[in-house]
Amino acid sequence: ASHAVLARLARRIVDCGVRVEVAVHAEARGSAAVSLVLTERRADQVARRLVEAGVGADVVVVSGYGSTQPVAQPGEPGPRGNNQRLELRILGAAS
């Protein structure tokens, strides 16, 4: 299922002619350094799938943020799992 979603997303990126950032975030568990490395790897895997589906490698920026940009803080109501996420940001027109 995720391959089909990424294939559809890749078509939209190509059709719209945009540059994108694949940004992966993690929960604040364990080592911050390990979390950073793991999110970089996950972002790279998603970017590779997009490239395999036809997106130019030059229009995909890979960013692993680890747990440095939480959307939910410990003690706040709501799921902390929201901190573990993948975001796709449009950076502008592809050149």
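Below is a summary of the structure that appears in this document.

Cut-off values and rules
Residues numbered from 1 in each chain as written. Predicted model: local features only at pLDDT ≥ 70, side-chain atom pairs only at ≥ 80, totals over all residues. Heavy atoms only, no water. Helix = DSSP H or I, 4+ residues; strand = E, 2+ residues; numbered from the N terminus. Buried < 20%, exposed > 50% of the residue type's maximum accessible area, 1.4 Å probe, protein only. Polar contact = N/O pair within 3.5 Å; in protein donor to acceptor, adjacent residues only side chain to side chain. Contact = heavy atoms within 4.5 Å. Pairing = 2+ DSSP bridges. Right-handed = clockwise from strand over helix to strand, strands pointing away. Core = buried A, V, L, I, M, F, W, Y, C linked by side-chain atoms within 4.5 Å. Expected span 1.5 Å × (residues − 1). Arc of directions from axis to C-beta.

## Focus on the side chain of Thr39
Relative to the assigned elements, Thr39 resides in helix H2 (residues 32–52). The exposure class assigned to Thr39 is buried, which follows from its relative accessible area of 0%. In this structure the side chain of Thr39 is engaged in a polar contact, spanning 3.4 Å, whose partner is the backbone nitrogen of Tyr65. Here Thr39 is in contact with Val24, His25, Ala26, Gly64, Tyr65 and Gly66, once residues within four sequence places are set aside.

## Observations concerning the pairing of strand E2 (residues 60–66)
Pairing analysis gives six bridges linking strand E1 (residues 18–25) to E2, with the strands arranged parallel. The partner of Val20 across the bridge, within E2, is Val60. The handedness of the E1 to E2 crossover, carried by H2, is right-handed.

## Let's talk about the nonpolar core
One recurring pattern in soluble globular proteins: nonpolar side chains tend to sit buried together. Ile13, Val20, Val22, Val46, Leu50, Val55 and Val60 are the most contacted members of the largest nonpolar core, which totals 14 residues. Residue assignment for this core shows that the elements contributing at least two residues are helix H1 (2–16), E1 and H2. If near-sequence neighbours (up to four positions away) are discounted, Leu50 is found in contact with Leu6, Leu9, Ala10, Ile13, Val22 and Val55.

## Quick word on H1
In a regular helix each residue adds 1.5 Å, so 15 residues correspond to 21 Å; H1 covers 21 Å between its end C-alpha atoms and thus fits that length. Those residues of H1 not exposed but buried are Leu6, Ala10 and Ile13. For H1, the angular spread of the buried residues around the axis is 65°, confining them to a single face. In H1, those exposed residues whose orientation departs by more than 90 degrees from the buried face are Arg12 and Asp15. For H1, the elements touching its buried residues are E1, H2 and strand E3 (85–93). Where H1 terminates, the next one or two residues include Gly17, which has phi positive at roughly 65°.

As far as function goes, none of this settles anything; it's purely spatial.
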